[in-house]
Amino acid sequence: NKNSCVEAGIRGICVGRCKSKEAEIKRINKELANIRSKFKGDKALDGYSKKKYVCKLLFIFLLGHDIDFGHMEAVNLLSSNRYTEKQIGYLFISVLVNSNSELIRLINNAIKNDLASRNPTFMGLALHCIANVGSREMAEAFAGEVPKILVAGDTMDSVKQSAALCLLRLYRTSPDLVPMGDWTSRVVHLLNDQHLGVVTAATSLITTLAQKNPEEFKTSVSLAVSRLSRIVTSASTDLQDYTYYFVPAPWLSVKLLRLLQCYPPPEDPAVRGRLTECLETILNKAQEPPKSKKVQHSNAKNAVLFEAISLIIHHDSEPNLLVRACNQLGQFLQHRETNLRYLALESMCTLASSEFSHEAVKTHIDTVINALKTERDVSVRQRAVDLLYAMCDRSNAQQIVAEMLSYLETADYSIREEIVLKVAILAEKYAVDYAWYVDTILNLIRIAGDYVSEEVWYRVIQIVINRDDVQGYAAKTVFEALQAPACHENLVKVGGYILGEFGNLIAGDPRSSPLVQFNLLHSKFHLCSVPTRALLLSTYIKFVNLFPEVKPTIQDVLRGDSQLRNADVELQQRAVEYLRLSTVASTDILATVLEEMPPFPERESSILAKLKKKKGPSTVTDLEDTKRERSVDVNGGPEPAPASASSTPSPSADLLGLGAAPAAPTGPPPSSGGGLLVDVFSDSASAAAPLAPGSEDNFRAFPKHPRISAGGSEFVCKNNGVLFENQLLQIGLKSEFRQNLGRMFIFYGNKTSTQFLNFTPTPVPRCGLDSLTRTHLNLQTKPVDPTVDGGAQVQQVVNIECVSDFTEAPVLNIQFRYGGTFQNVSVQLPITLNKFFQPTEMSSQDFFQRWKQLSNPQQEVQNIFKAKHPMDTEITKAKIIGFGSALLEEVDPNPANFVGAGIIHTKTSQTGCLLRLEPNLQAQMYRLTLRTSKETVSQRLCELLSQQF
Amino acid sequence: RVWIRFILIQNRAGKTRLAKWYMQFDDDEKQKLIEEVHAVVTVRDAKHTNFVEFRNFKIIYRRYAGLYFCICVDVNDNNLAYLEAIHNFVEVLNEYFHNVCELDLVFNFYKVYTVVDEMFLAGEIRETSQTKVLKQLLMLQSLE
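Criteria and thresholds
- In this numbering scheme, every chain counts its residues from 1 along its sequence in written order.
- Starting at A for chains and at 1 for ligands, labels are handed out in the order in which the entities are written.
- Two thresholds apply to this predicted model, a pLDDT of at least 70 for residue-level local features and 80 or more for giving and counting side-chain atom pairs, whereas whole-chain, interface and lining totals are computed over all residues.
- Where side-chain values are given, they derive from all heavy atoms of the structure, hydrogens and water being excluded.
- Segments assigned H or I by DSSP are reported as helices when at least four residues long, segments assigned E as strands when at least two residues long, and all are numbered from the N terminus.
- Partly exposed residues are those whose accessible area sits between 20% and 50% of the maximum for their type, while under 20% is buried and over 50% is exposed, using a 1.4 Å probe and protein chains only.
- The contact criterion used is simple: two residues touch if any of their non-hydrogen atoms lie within 4.5 Å.
- Here the quantity called buried area is the accessible surface, traced with a 1.4 Å probe, that two parts lose on coming together, added over both.
- Within this document, salt bridges are pairs made up of a side-chain nitrogen of Lys or Arg and a carboxyl oxygen of Asp or Glu, the two lying within 4 Å of each other.
- Multiplying 1.5 Å by the residue count of a helix minus one yields the expected span of that helix.
- Here the rule is simple: two strands pair whenever DSSP picks up at least two bridges between them.
- Between N-to-C directions, angles span 0 to 180 degrees; the directions come from axes that are lines fitted to C-alpha atoms, helices contributing only their stretch in contact.
- A pair of aromatic rings is counted whenever rings of Phe, Tyr or Trp (Trp by its six-membered ring) have centres within 6.5 Å, and the orientation is called stacked for planes under 30 degrees apart, edge-to-face for over 60 and tilted otherwise.
- By definition, being over a ring means that NZ of Lys or CZ of Arg is both within 6 Å of the ring centre and within 35 degrees of the ring normal.
- Scored from 0 to 100, pLDDT reflects the predictor's confidence in each residue.
- We define the nonpolar core as a collection of buried residues of types Ala, Val, Leu, Ile, Met, Phe, Trp, Tyr and Cys that are connected through side-chain atoms lying within 4.5 Å of one another.

### What about the overall build of chain A?
Working step 1: Of the regular secondary structure elements, chain A holds 42 helices and 16 strands.
Working step 2: By the burial criterion, 56% of the 949 residues in chain A qualify as buried.
Working step 3: Considering only contacts within chain A whose residues lie at least 6 apart along the sequence, 69% involve residues at least 24 apart.

Spelled out as structure tokens, the structure:
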């Protein structure tokens, strides 16, 4: 038997026989040499031998060795008429040939022949190959052909199955290449096909298409409902081949239920009634005694049940079904199968967010708490935490928070931070009494201090500052907590901050007199890290204001060598400045400078944002927040970048909030993870200001470009800023230009928590109509790292050379994969002709002399236009300077006019430019005149500058 | 957005017996995934669920003697449906190879790929009827 010969050949090179790695490599190299010589030999190999060696190569590759030959032989096998030879050829190509191979043309040719062969086996192999490789080249070649095969009347069922999924693969890879057409309506009718395998494959295809084009596939709803109805009401033997352990067509049922989740509840009452019946039947069957004791039976049955419950939750419209689903899941919570307990907890989490079933879910609280305490699998306990979080409301918050806190003591390290966040959120959200809230957070720090992130302790400070009814209690509580000989550094931070603000509220008690408070804090000082010590120094200067009697003690401390000469610049600077401040400032000035922090603006909890970032927005929802969270997400993702210190009361900066400007950070801004681009813009006021965190309106101020942005005119007069932003990606720019050269730093920030893969940003110059052959701009750049981690930022440097004057700005094309989908973004890069301006100063006399020299009509371009912005002299001046020309003062006889001069540098020429802008306040109009020695330059500069006013 | 990202069959020692990818990964990434999956799956015992969160996805797995059959899907996909899809697949292999063992998968790897393509294609379940799949496999075998 020939086939067993192949097998024997493979056994011959089996690793199992080799004693060591070296021996294996030796054996393989020998085999590779042998195969190579066979392929190179004079004698043409017959198909069988070719197949044998290609198969061996494949085997060697699968063992983990590199293969760099044999591709041609594999392609040759494709045109064989023998199934086995063809199969090995196709397999080799599916596993080993990448899409940009030069062989792709030959391969596509062979596939084309097989598709046309009318031999169902060969057609199947070809379709599977397309589905497995799924490259763009294949989509280009076959996206037209595959739908035809799928809907042709004479296509065999098994080929139809393959064609449906092959088309699905092409649609996922290159949706633009798969045109909707006549076939779409015929595909929907495959839901009625007699062959359940065809229906199974077609349902997947239709579901994917319907997600993108719900209108076109709307008719699939009623067809899916009737198909589902026929399945669930069938007797367990009706479907024969498709009955799995007494469950009729479980996978197809799941797929149909998923398809229905692409749509709202059916509008047609008949369809809707039939669907409700189906769902009721599925719920009823769950109560019937099992037809088999085998786990396969119950798994298959429950797979359908869980999918039905997902659909019920998705519709969220039938209170009766929702409550029944909840009761069913309640039974599973105590099931002996861990899988079922896990899935019930998970599914109940979504039920908890429906108003119809929230109360029903709450009745299971004790079981869930018990799961938290007794489950062996950490992922099950995790689901229990999730569910407790989801079912929490005012009525049970105290119990749930207490249970979570006690679980935290023994919780797995991997989920502690998340539990801390959840406790902090629930404690804040359902606090009736803020003393309870403060106690809870301090407990969190005591139990799991290392897992309490900045967001959490910033938040407790925000709340204490904003609520004067809790300040005295907070001061007393932190004072007591600090008595512990060993307390977590986070407690020192919170304690230091709160006593610095509100220590006076407990100073009346001699047990917590100012000096006692100070000594208590200072006893922790030396064990703390630099940021905490910096914070404590700020507390001390606040004490100087609050308690004049401890001023000398504190001055002594500040004066000490360990402060004034501290190796850390930040600490040293604080010590010097605070000491000086305490010495020279009058009491009044001190009181003003060190005034109590003003309340923080109310905003979305930064902790919630953090949790969302950790878990992804969809997993953190609850009844009251669902709507609000959606609107927040629309505005660009979880956490607005906290650029200034006012975002979170970062004590290292805020206590210093000297006087009226608490937002001005002294020292370096706190690096609190969320701000992707903060560092880039720290020097740019216009970008830093709107980044004020929490305020959604400000966040909207960034331009959003759905496709290529039309003008990008906001960058004409500035070089830095946010170029583009969507849910996933933020692009920032920083650029500098000198003469005809420029350098642009592009910063790509991944706003999600998921990696971007194959990240390829490509800047491309565009040619205007006049320049089919010449390039006006040269752009040089290196590829960036193709993987961008969640929350990370990568930088790309583009070197720019302006060859000659131009009008079309280059385009930045960005492609990447995000969570399995292919993303494509194109943005216009704001490289405009005026970037290559060098300002020229000149006297009034020179200016008008040149002005007259450039009086040729082609040299002058004039534009009269209405003001789009308020006509402010200073802003206008700033814009002209930002535009790149010199602003010439006292040149124009009319002081209301603006004149400018400069030279546009390109590689091939230098063009002198004069400009004059005459505002007419009464008419709210401007007249802008450009005179240069080159018409195209005058034209372009006039266009660019006109947009600015 | 729901489809299988990959199917892996590994033994306890971490040797891969089948790797079927339904998404583009480069070779390094594949190797990393294989190692990570092995690490998360082999530490679990019978009291654990058959599901593990994995990066932004989840792994549904089932152990048969020394072999782990793992399917990676979206987090919101139906766990039990894939758990039984694995079993259905294993029953087909068992029937086709007459009591399948690890070595069958090694030496007949090219046949295993055919079985996979019959049952799963483009990351979706293609055919679930064991009768239909086996009939097709026997027909193909007769062509050899």
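### Comments concerning the interface of chain A and chain B
Think of interface size as the accessible area that goes away when the parts come together; that is how it is often given.
Working step 1: Across the contact, 64 residues belong to chain A and 55 residues belong to chain B.
Working step 2: Its largest share of buried area at the contact with chain B, chain A owes to Tyr83(A), Arg172(A) and Trp251(A), together 12% of the area lost on that side.
Working step 3: Seen at the junction of chain A and chain B, the total is 6 salt bridges.
Working step 4: A salt bridge links Asp77(B) to Arg258(A); its shortest N-O distance comes to 3.5 Å.

### Quick word on the environment of Leu209(A)
Residue and element names in this part refer to chain A.
Working step 1: Turning to its location among the elements, Leu-209 is positioned in helix 12 (residues 196–212).
Working step 2: Judged by relative accessible area, Leu-209 falls into the buried class, the value being 1%.
Working step 3: Considered as a pair, Leu-209 and Leu-168 are 41 residues apart in the sequence and their alpha carbons are 8.2 Å apart.
Working step 4: Apart from the residues within four sequence positions on either side, Leu-209 is in contact with Tyr-171, Met-180, Trp-183 and Phe-217.

### Quick look at helix 16 (residues 295–315) of chain A
Residues and elements named next belong to chain A.
Working step 1: Along its 21 residues, helix 16 runs 30 Å from first to last C-alpha, staying within 8% of the 30 Å computed at 1.5 Å per residue.
Working step 2: A large share of helix 16 lies buried, amounting to 17 of its 21 residues.
Working step 3: Just downstream of helix 16 lies Asp-316, where phi reads positive at about 45°.

### A few points about the sheet that holds strand 5 (residues 67–74) of chain B
Residues and elements named next belong to chain B.
Working step 1: Taken in spatial order, the 5 strands of this open sheet run 2-1-5-4-3, and their pairing is antiparallel. Among the strands making up the open sheet, the edge pair consists of strand 2 (16–21) and strand 3 (51–54). On average, each strand axis in the sheet is tilted by 20° relative to the strand beside it, whichever way the strands run.
Working step 2: As paired elements, strand 4 (residues 57–64) and strand 5 share 8 bridges and run antiparallel to each other. Within strand 5, the residue paired with Arg-63 across the bridge is Tyr-68.
Working step 3: The strands touched by helix 4 (residues 109–119) are strand 1 (6–11) and strand 2; relative to strand 2, the strand with the most contacts, the crossing angle is about 40°.

### A look at the packing of aromatic side chains
Working step 1: With the rule as written, the count across this model stands at 35 aromatic pairs over all chains.
Working step 2: Ring plane angle 20° and centroid distance 6.5 Å describe the contact between Tyr413(A) and Tyr451(A), whose orientation is recorded as stacked. Here the residue Tyr413(A) occupies a position in helix 23 (residues 413–429), and Tyr451(A) occupies one in the loop between helix 24 (434–448) and helix 25 (454–466), the gap between them amounting to 38 residues.
Working step 3: Of the residues examined, Tyr413(A) reaches a relative accessible area of 60% and is grouped as exposed.
Working step 4: Judged by its relative accessible area of 23%, Tyr451(A) falls in the partly exposed class.
Working step 5: Between Trp21(B) and Phe25(B), the ring centres sit 5.5 Å apart and the planes meet at 70°, which makes this aromatic pair edge-to-face.
Working step 6: Members of the aromatic cluster, joined through ring pairs, are Tyr748(A), Phe756(A), Phe759(A), Phe816(A) and Tyr818(A).
Working step 7: It is Lys86(A) that lies over the ring of Phe122(A); its NZ or CZ is 4.5 Å from the centre.

### Thoughts on the confidence of the model for chain B
Working step 1: Residues at a pLDDT of 70 or more form 99% of chain B, whose mean pLDDT is 95.
Working step 2: On the interface metric, ipTM, the complex scores 0.98, and its pTM is 0.68.

### With respect to the sheet that holds strand 4 (residues 729–738) of chain A
All names here are of chain A.
Working step 1: As summarised here, the arrangement of the 5 strands in space is 3-4-5-8-7, forming an open sheet in which the pairing is antiparallel. Strand pairing shows two members of the sheet lacking a second neighbour, strand 3 (720–725) and strand 7 (777–781), which therefore form its edges. Across the sheet, the axes of successive neighbouring strands diverge by a mean angle of 25°, strand direction being ignored.
Working step 2: Bridge analysis of strand 3 against strand 4 gives 5 bridges, and the strand direction is antiparallel.

### Section: the nonpolar core
Working step 1: Ile111(A) and Phe120(B) are the most contacted members of the largest nonpolar core, which has 264 residues in total.
Working step 2: Those residues in contact with Ile111(A) that lie beyond four places of it in its chain are Tyr90(A), Ala126(A), Cys129(A), Ile130(A), Met138(A) and Phe142(A).
Working step 3: If you look at the next biggest cluster of nonpolar residues, it comprises 55 residues, including Leu728(A), Ile731(A), Leu833(A) and Val937(A).

### Structural notes on the environment of Thr911(A)
Residues and elements named next belong to chain A.
Working step 1: Along the chain, the position of Thr-911 falls in strand 15 (residues 910–920).
Working step 2: The exposure class of Thr-911 is buried, given its relative accessible area of 4%.
Working step 3: Separated by 27 residues in sequence, Thr-911 and Ser-938 place their C-alpha atoms 9.6 Å apart.
Working step 4: Setting aside chain neighbours within four positions, we find Thr-911 in contact with Gly-902, Ile-903, Ile-904, Thr-932, Ser-933, Lys-934 and Val-937.

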